[in-house]
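# Structural features, examined
For reference, the chains in residue letters:
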Amino acid sequence: MVTLLAGTLLPPLDFFIVNLAIPSIQDDLGGDTLGQQIVASYAATYAVMLTLGGRLGDLYGRRQVFLIGLVGFALASLLCGLAGEPWLLVIGRILQGLTAALMAPQSLALIRASLDGRDQTIALGFHGATLGLAAVIGQSLGGLLVTADIWGLGWRSIFFINLPVAALGLLGSLFLHDPHTRGVEKLDAIGAVLLFTGLVGIVIPLLEGQALGWPWWCFVLFVVAAGVLHRFWRYESTFDGNRSRGLHVMPLVPPRAVTAPGVRISLVAVALFYSIAAFFLIFSEHEQAVGRTPLEASLDILPLGIGFLLGPLTVPHLMRIMPRRIAALGLCLETIGFLAFAGLVAAFGQTSWAAAPLALIGFGQGLALPSLIRITVTHIPRAFAGLASGLVTATLQISAALSVAIIGGIFYTAADAYGSTPAITTVSILIALLLFVSSLLSLRAERVPSVETPSKIVDAHGSQSPETVEEQALSQVQDQ
């Protein structure tokens, strides 16, 4: 678990930690748009490669792909830390996003494939807590490292800090075991190219459109991306009924697995849940607009981070009392927290009482995240654990980009017209509504029976062909 959690921690940590170091990086290397480039290059590569990364683990072994991603991420971090030119830093960030997409899905997939029952619930709680920890320490660690200027490294230390974490994960990999290693199928290269192209057409405009004033090419890319993704889905659907085509090529996203009962509802709930992503940026902007320093702003949002850290650790204990509806409970707590926060800010402006609803928001988010992940992945057979992990993480990343683009755009428009306080009040109410809808969808998804691949099928890889194993798993999905 320590090894897998190291792989869980690094990708989101590197997304958050770089934000506070951007001014120092631009002062050192130059370039007014370098900060945007190093954020967008990592986020875009990570988001569009996650589904492929998860499927590669299913096809060629999750432990092997995890190790490749871990070592590659460490080397890419070293390149970023040593970069003396802007273009070299951007290349390093692209390589970080690529290797993170290989590493991150395997952590959740191995938890799903290796553990059952209460053990799996506890492990998912630690997984969610680690994501919360990455968000908490990433908000402040970047600024702290730059300020401390350890050994005169300055901003470079935010990349070098990944190396000891990766070394710990590499050492712990000696104890990793993948019970469902595969390896005879070939990658669906055509599907991979189509999916990559379609997701790039969505993610790039979301990341760049707001800053550039939404030029015409953003909307053209959206239309083209929609057509490419539709073509991708039609291509993947042709595998059903003639799966291997005599070449042992498995579909990148098997349609009968993705359309299993409850999966699409769960993924929509996950997407709406992460509408909160824009709030971190909006909160910092609002705090500084009303006169708070960056350090004070980071301390003001700390209650949310603490709640997010504690929430997942509470899930196993809550499971004894209410084994279901924990995701809905967490989302409802978030809804109440945002409404209370909006009311306090509207009534009193900057107030210390806002710490209470922020802590409630964080705690609810910590309850909901591992529970939503559990609901989603248990609707997909274990034969596709890597695919399930990649789909969930990719949904979170794309939802975050949508949230920043849409909700962030509403905030900035309202702030220019009416001021920061009415703007953050408005978007807090909007986020509360989205979270409430997510809670309703999570309840509906939980009513759908989960799909558990029988152990006799999972453990039969030595005596049955992988195609037979996957066919049986898919048949079970179709039957249910």
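Since we're looking at a predicted model, the values are computed, not measured. (Residues numbered from 1 in each chain as written. Predicted model: local features only at pLDDT ≥ 70, side-chain atom pairs only at ≥ 80, totals over all residues. Heavy atoms only, no water.)

Of the residues in the chain, 84% reach a pLDDT of 70 or more, and the chain-wide mean stands at 79. The low-confidence segment residues 241-246 (pLDDT under 50) makes twelve contacts with residues lying over four places distant or belonging to another chain. (pLDDT = per-residue confidence, 0-100. Contact = heavy atoms within 4.5 Å.)

The next point concerns a nonpolar patch on the surface. Residues M1, F126, L299, L302, I306, L310 and L313 make up a contiguous nonpolar surface patch of about 600 Å² in total accessible area. Ranked by the residues each element gives to the nonpolar patch, the list is headed by helix α15 (residues 302-321), at four residues. (Patch = residues over 30% accessible without salt bridge, like charges linked within 9 Å, V, L, I, M, F, W, Y side chains within 5 Å. Areas by Shrake-Rupley, 256 points an atom, 1.4 Å probe, with all protein chains shown as cover. Salt bridge = Lys/Arg side-chain N within 4 Å of Asp/Glu carboxyl O. Helix = DSSP H or I, 4+ residues; strand = E, 2+ residues; numbered from the N terminus.)

What follows covers the packing of helix α1 (residues 2-17) against helix α5 (residues 86-114). Where α1 meets α5, the axes come as close as 8 Å, and the angle between the chain directions of the two elements is 140°. In this structure, α1 crosses over α5, and the sense of that crossing is left-handed. Residue-level inspection shows L4, G7, T8, L10, P11 and D14 of α1 in contact with α5, the latter providing R93, Q96, A100, M103, A104, S107, L110 and I111. Of the residues in the contact of α1 with α5, the class split is eight nonpolar, four polar and two charged. (Axes fitted to C-alpha atoms, helices over the stretch in contact; angles between N-to-C directions. Left-handed = near helix turned anticlockwise from the far one by under 90°. Nonpolar A, V, L, I, M, F, W, Y, C, P; charged D, E, K, R; others polar.)

Formed by 97 residues in total, the largest nonpolar core has its most connected members in F273, F279, F338, F341 and I424. Here this core gets eleven residues from one element, more than from any other, and that element is helix α18 (residues 385-418). Not counting chain neighbours up to four residues away, the residues in contact with F279 comprise L304, F338, F341, L358, I424, S428 and I431. (Core = buried A, V, L, I, M, F, W, Y, C linked by side-chain atoms within 4.5 Å. Buried < 20%, exposed > 50% of the residue type's maximum accessible area, 1.4 Å probe, protein only.)

With the rule as written, the count across this model stands at nine aromatic pairs. Judged by centre distance (5.9 Å) and plane angle (25°), the rings of Y42 and Y46 are stacked. Here Y42 and its partner Y46 are both found in helix α3 (residues 34-60), four residues apart, which amounts to about one turn of the helix. Here Y42 falls in the buried class, since its relative accessible area comes to 1%. Aromatic pair F283 and F341: ring centres 6.2 Å apart, planes at 45°, arrangement tilted. Of this pair, F283 sits in helix α13 (residues 277-289) while F341 sits in helix α16 (residues 326-348), and the two are 58 residues apart along the sequence. There is no split in this pair, since F283 and F341 are both buried. Each residue in the set F279, F283, F338 and F341 is aromatic and connected to the rest through ring pairs, giving one cluster. (Phe/Tyr/Trp six-rings, centres within 6.5 Å; stacked < 30°, edge-to-face > 60°.)

Another point: the pattern of salt bridges. In the structure shown here, the tally under the stated rule is three salt bridges. Here R93 ties to D14 by a salt bridge, and the two come within 3.3 Å at their closest N and O atoms. Of the two residues, R93 sits in helix α5 while D14 sits in helix α1, which places them 79 residues apart along the sequence. Accessibility classification places R93 together with D14 in one group, the buried group. One salt bridge connects R374 with E446, and the closest N-O pair in it is separated by 3.9 Å. Pair noted here: R374 is in helix α17 (residues 355-377) and E446 is in helix α19 (residues 420-446), with a separation of 72 residues, a long-range link. In terms of burial, R374 and E446 fall into one category: buried.

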